[in-house]
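Residue-level listing of the chains:
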Amino acid sequence: MELLAKTLLLCSALALVTGAPAHPHESAADEGHAHAAVPDRCKGIEFDAITPNEDGDTLFFSGNHLWKGFHGPVQLSNESFRELDDLHHTGHVDAAFRMHNTEKTGDHDHIYLFVDNKVFRYYNENLEEGYPKEIQEDFPGVPSDLDAAVECPKGECVTDSVLFMKGTDVHLYDVATKKTKTKTWPDLPVCTSALRWLEHYYCFHGHNFTRFNPVSGEVTGDYPKDARNYFMKCADFGHGGHYRTPKCSEIKLDAITTDDRGKKYLFSGPIYMRINTQRDGLHAFPITRTWKEVTNGVDAVFSFTDNIYMIKDDKVYIYKSAAHYTLIEGYPKTLSKELGIEGHVDAAFVCPGENTVHIIQGNRMRDVDLTATPRVVTRDLPLPLSNIDAGLCGPDGINVFKGSQYYHYESPMTLAVSRIAPFPHNVTSAMMGCQD
Ligand SMILES: *[C@@H]1O[C@H](CO)[C@@H](O)[C@H](O)[C@H]1NC(C)=O
Ligand SMILES: *[C@@H]1O[C@H](CO)[C@@H](O)[C@H](O)[C@H]1NC(C)=O
Ligand SMILES: *[C@@H]1O[C@H](CO)[C@@H](O)[C@H](O)[C@H]1NC(C)=O
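Quantities reported herein were computed from a predicted structural model and do not represent experimental measurements.

The rules we used
- Residues numbered from 1 in each chain as written.
- Chains lettered and ligands numbered in written order.
- Predicted model: local features only at pLDDT ≥ 70, side-chain atom pairs only at ≥ 80, totals over all residues.
- Heavy atoms only, no water.
- Helix = DSSP H or I, 4+ residues; strand = E, 2+ residues; numbered from the N terminus.
- Buried < 20%, exposed > 50% of the residue type's maximum accessible area, 1.4 Å probe, protein only.
- Contact = heavy atoms within 4.5 Å.
- Areas by Shrake-Rupley, 256 points an atom, 1.4 Å probe, with all protein chains shown as cover.
- Pairing = 2+ DSSP bridges.
- Axes fitted to C-alpha atoms, helices over the stretch in contact; angles between N-to-C directions.
- Phe/Tyr/Trp six-rings, centres within 6.5 Å; stacked < 30°, edge-to-face > 60°.

A.B. asks: Tell me about the overall build of the protein chain, and name the residues and values.
C.D. replies: For the protein chain, the count of helices and strands is 7 helices and 34 strands. Taken over 436 residues, the protein chain has a buried fraction of 47%. Contacts spanning at least 24 positions in sequence make up 42% of the contacts within the protein chain whose residues lie at least 6 apart. A total of about 21000 Å² of accessible surface is found on the protein chain, and carbon and sulfur atoms cover 51% of it.

A.B. asks: Give a detailed account of the sheet that holds strand S2 (residues 58-62), specifying residues and quantitative values.
C.D. replies: A sheet is described by the order of its strands in space; here 4 strands give the open sequence S1-S2-S3-S4, paired in antiparallel fashion. Strand pairing shows two members of the sheet lacking a second neighbour, strand S1 (49-52) and strand S4 (74-76), which therefore form its edges. Neighbouring strand axes in the sheet, compared pairwise and without regard to direction, differ in orientation by 25° on average.

A.B. asks: Tell me about the packing of aromatic side chains, residues and numbers included.
C.D. replies: Under the counting rule described, the total for this entry stands at 39 aromatic pairs. Ring centres of phenylalanine 114 and phenylalanine 139 lie 5.8 Å apart, and the angle between their planes is 50°; on these two criteria the pair is classed as tilted. Residue phenylalanine 114 is located in strand S6 (residues 111-115), and its partner phenylalanine 139 is located in the loop between helix H3 (135-138) and strand S10 (148-152); the two are separated by 25 residues in the primary sequence. Overall, the relative accessible area of 0% leaves phenylalanine 114 in the buried class.

Geometry only, nothing functional implied.
In structure tokens form, the structure reads like this:
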């Protein structure tokens with residue numbers, strides 16, 4: 001009698017937690033088969049594992065569920081990773097990461113999922129031969145029952161590495177030598193999952209996250225933060241901008257540039273987007289997130305040496321590009337003072353290895369030598385096009401953007417001397433992260 005009462009109580013408690021109806025015939029032994037309610041990540045849940053996949057979509061695992069990307073529906077993890085619960089029926093993933101391995105060993109960009117003492121390796125959601133394995137067969141010295149794992153490529157860590165986390169221990173695993181070093185980082189909370197995203201490292205705990213340095217474990221800045229404001233799209237959450245992915249046919253750029261570190265940015269209204277980050281997906285942010293002082297959008301942006309020049313109305317802002325962009329003292333300055341020109345700037349670009357900025361104003365292209373003091377217009381040419389929004393010069397020539405189309409030219413000179421505009425191309429989702 002007492003036992004039955006206890007069982008009923010447990011079922012009701014379970015019903016409360018899971019939202020499933022309580023059935024008196026379910027005993028405690030059936031608990032493992034109770035259907036967990038479909039989780040809602042906007043309610044503030046904890047993730048068991050987070051990793052990008054080979055397409056740059058971020059996978060979030062919680063219990064036996066999975067989300068692909070920062071927005072989108074939830075699914076059962078075994079729909080994508082079929083074999084996951086074959087062995088254990090545990091219905092969870094402890095940790096996951098995407099391998100970064102520049103040696104030609106064939107595992108670059110493959111996804112590793114950890115369950116208890118086993119590791120599963122997937123590529124394009126296909127389990128690879130020989131898996132699952134004992135974790136230590138692939139990763140000697142790394143413990144079972146992990147909490148979190150994250151890749152750390154050479155350049156960010158000393159060598160291509162993986163950080164495995166368990167409790168307060170961080171096992172730094174060298175991919176090439178298979179050697180492990182164990183550290184404890186006092187700044188870091190116990191991470192239930194970890195993610196490398198756009199060259200930054202995030203430890204997730206509860207519904208919060210903390211950004212950390214993958215070499216020293218230091219945490220600088222105001223953490224923890226609520227993951228719902230940054231890593232998922234939830235009503236009433238967000239970090240401003242309310243960016244909606246535009247259709248490619250509706251795209252209108254203000255500016256586009258590649259800085260000397262190879263980071264390529266597009267600017268449109270109040271937002272910017274990194275566009276050569278396919279490995280991490282394409283993501284839009286408010287311009288002020290990175291360039292605090294540029295509060296009202298941009299007219300044109302170009303990069304020269306390790307500086308990025310942002311033009312808005314008659315002001316020029318020059319930022320030094322390092323890990324973060326910092327406004328150079330004394331800026332903004334006026335266009336006439338900095339570049340020796342006046343009036344509205346539509347677009348501006350510098351070709352690789354050149355010292356000249358090509359400034360497009362209406363249907364004129366004005367060249368300014370960036371090494372001369374004072375700056376003066378060295379050449380002023382008419383163009384076959386007007387109403388240009390943005391221009392980018394790279395090793396393959398120049399793309400000039402106008403609305404949702406662009407024109408390709410071999411060089412600034414062919415742009416200026418062409419009598420007629422070449423055939424326009426449509427911008428594509430691969431270029432701009434827009435919707436086809
Ligand atoms: C996937 O998981 C669900 C819930 O755990 C289970 O009911 C279903 O049979 C599983 N499907 C496969 C293909 O294993
Ligand atoms: C999440 O962060 C908030 C604000 O800093 C804090 O009050 C809360 O305790 C944190 N929760 C977890 C689980 O870390
Ligand atoms: C460009 O897009 C327009 C409509 O958005 C379409 O009619 C046209 O065929 C496309 N051009 C090319 C070259 O794909």
